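Architecture and fold: a report
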Amino acid sequence: MSVEQTGRSLHITGKWAGFDALSGREVHDLLKLRQDVFVVEQACAFGEIDGKDPIALHYFLLSPSGEIAGALRLFAGSGADRPSRIGRVVIAPEYRGQKLGQRLMRDGIDKARALAPGAPIHLSAQAHLERFYGELGFSTVSEVYLEDDIPHIDMVLAV
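Everything in this summary refers to the structure shown in the same document. What you see is a predicted model, and the numbers here were worked out from it, not measured in a lab.

In this section: the pairing of strand E4 (residues 84-91). Taken together, the five bridges between strand E3 (residues 68-75) and E4 define a ladder with antiparallel strand orientation. Residue pairing for E4: glycine 70 is matched across the bridge by isoleucine 91. Across two bridges, E4 lies against strand E5 (residues 121-126) in parallel orientation. Across the sheet, serine 84 pairs through a bridge with isoleucine 121, a residue of E5. You can see the chain leave E4, run along helix H3 (residues 100-115) and come back into E5, and the turn it takes is right-handed.

Structure representation (structure tokens):
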């Protein structure tokens, strides 16, 4: 059942965790969501499990039942020479249209700034989301390029 179909407002909570602190169920649900969206929905066969999750900080938006409504991963930088990176930004299909993407990104930006003050924040965005990230303050810093046959652009949020 979609969020809209329930007719009730949900109380979505946020949770930050390092990979090793995640339960087996959380790892499963995270990887399943990313696979369902990035590989199946977007019809893009690529190595979604890239070996970087163990060194990332993960952020989840959770429904009252504990279902992952959205997620991202963050690699904290250490100043101007080493930027922070936000990636694998995903909202579950049944939670779209709720402005959760903005909340997810704002929380990610706040965490990146808290962990690495003075570090710019980089991301590789699907090109059709350039306006979305631009509204959050990101600037485009590359031409469009193909990554896994999907047009992408590099974007930066300055300090």
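Taken as a whole, this structure holds twelve salt bridges when the rule is applied. Here lysine 32 ties to aspartate 36 by a salt bridge, and the two come within 2.7 Å at their closest N and O atoms. Of this pair, lysine 32 and aspartate 36 are both found in helix H2 (residues 24-41), four residues apart, which corresponds to roughly one turn of the helix. Here the salt bridges do not stand alone but share partners, grouping Arg34, Glu48, Asp50, Asp53, Arg73 and Arg88 into one network.

What follows covers the packing of aromatic side chains. Each aromatic ring pair is specified by the distance between its two centres and by the angle formed by the two planes. Evaluation of the coordinates by the stated rule reveals three aromatic pairs. On the numbers, 4.9 Å between centres and 75° between planes, the contact of phenylalanine 132 with tyrosine 133 is edge-to-face. Owing to a relative accessible area of 7%, tyrosine 133 belongs among the buried residues under this scheme. Considering the side-chain rings of tyrosine 133 and phenylalanine 138, the 6.1 Å spacing of their centres and the 80° angle between planes classify their relative orientation as edge-to-face. Note on accessibility: tyrosine 133 and phenylalanine 138 belong to one class, buried. By way of ring pairs, the aromatic residues Phe132, Tyr133 and Phe138 are connected into one cluster.

Turning next to the environment of serine 63. Note on placement: serine 63 falls in the loop between strand E2 (57-62) and E3. Other than its neighbours up to four places away in sequence, serine 63 contacts His11, Ile12 and Tyr95.

What counts and how
- Residues numbered from 1 in each chain as written.
- Predicted model: local features only at pLDDT ≥ 70, side-chain atom pairs only at ≥ 80, totals over all residues.
- Heavy atoms only, no water.
- Pairing = 2+ DSSP bridges.
- Helix = DSSP H or I, 4+ residues; strand = E, 2+ residues; numbered from the N terminus.
- Right-handed = clockwise from strand over helix to strand, strands pointing away.
- Salt bridge = Lys/Arg side-chain N within 4 Å of Asp/Glu carboxyl O.
- Phe/Tyr/Trp six-rings, centres within 6.5 Å; stacked < 30°, edge-to-face > 60°.
- Buried < 20%, exposed > 50% of the residue type's maximum accessible area, 1.4 Å probe, protein only.
- Contact = heavy atoms within 4.5 Å.

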